[in-house]
Amino acid sequence: IQELLRVMRTIDDRIVHELNTTIPTASFVGKIDAGQTCKELYQSLMDAHTSRERIIKNCIAQTSSVVKTLREEREKAQDDVALLKQLRKEQTKLKLMQSELNVEEVVNDRSWKVLS
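Rules and cut-offs
- Residues numbered from 1 in each chain as written.
- Predicted model: local features only at pLDDT ≥ 70, side-chain atom pairs only at ≥ 80, totals over all residues.
- Heavy atoms only, no water.
- UniProt positions renumbered as here; feature names shortened; annotations may be inferred.
- Helix = DSSP H or I, 4+ residues; strand = E, 2+ residues; numbered from the N terminus.
- Phe/Tyr/Trp six-rings, centres within 6.5 Å; stacked < 30°, edge-to-face > 60°.
- Buried < 20%, exposed > 50% of the residue type's maximum accessible area, 1.4 Å probe, protein only.
- Expected span 1.5 Å × (residues − 1).
- Polar contact = N/O pair within 3.5 Å; in protein donor to acceptor, adjacent residues only side chain to side chain.
- pLDDT = per-residue confidence, 0-100.
- Salt bridge = Lys/Arg side-chain N within 4 Å of Asp/Glu carboxyl O.

Going by an unreviewed UniProt entry, the chain carries the name Protein MIX23 and comes from Mesembrinibis cayennensis.

So this is what it looks like as structure tokens:
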């Protein structure tokens, strides 16, 4: 998921470049509709943010469900070392995904500040 998010964050990573290529120089002012181009960039950014947040939250929900199931199984079989190992692995994955929400917030804030 981290690789997928990295690829999906390309628009945010390149926001300054996108703005520099979106806003026309004096010689191109009449040839490019800067307002429309800015709207399109804004919409692309909104779509990217919404999509990433949806993916992260979906993964969190699925992993939370797995953790809940493993916890219930662990209550029944407390001596099962393999089950404990799997539970800890899933809990670690869940924490990682939850931290991605914080990363997403920072990335989004930075992009909106630059766009503003």
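1. Thoughts on the UniProt feature "coiled-coil region" (unreviewed entry) in the chain
The positions UniProt marks with the feature "coiled-coil region" (unreviewed entry) are residues 60-90. The straight-line gap between the two end C-alpha atoms of residues 60-90 is 11 Å; of that span, 87% is helix and 0% is strand.

2. As for the environment of Ile60
Tracing the backbone through its elements, the reader meets Ile60 in helix 4 (residues 34-76). Each C-alpha atom, one on Ile60 and one on Leu96, is 9.3 Å from the other, the two residues being 36 residues apart in sequence.

3. As for the packing of aromatic side chains
Summed over all chains, the structure comprises one aromatic pair. Geometrically, the ring pair formed by Tyr42 and Trp112 is tilted, given 5.2 Å between the ring centres and 50° between the ring planes. With Tyr42 in helix 4 and Trp112 in helix 5 (residues 81-115), this pair connects stretches of sequence that are 70 residues apart. Under the relative-accessibility criterion, Trp112 is labelled partly exposed at 23%.

4. Quick word on helix 5
Residue pairs three or four apart in sequence face the same way in an α-helix, which turns once every 3.6 residues. With 35 residues, helix 5 extends 51 Å between its outermost C-alpha atoms, agreeing within 8% with the 51 Å of an ideal straight helix rising 1.5 Å per residue. Of the residues that open helix 5, the one with a side-chain oxygen 3.2 Å from the backbone nitrogen of Ala82 is Asp80.

5. Section: the confidence of the model for the chain
Averaged over the chain, the pLDDT score is 86; the fraction of residues at 70 or greater is 91%. Looking over the chain, one finds the lowest element-wise mean pLDDT in helix 3 (residues 15-22), namely 76, and the highest in helix 5, namely 92.

6. A look at the pattern of salt bridges
Once the charged atoms of two side chains with opposite charge are near each other, the side chains can pair. Within this structure, the stated rule accounts for eight salt bridges. A salt bridge links Arg110 to Asp13; the nearest nitrogen and oxygen atoms lie 3.7 Å apart. Here Asp13 lies in helix 2 (residues 10-13) and Arg110 lies in helix 5, a separation of 97 residues in the sequence. What makes Arg110 partly exposed here is its relative accessible area of 40%. Taking relative accessible area as the criterion, Asp13 reaches 51% and is therefore assigned exposed.

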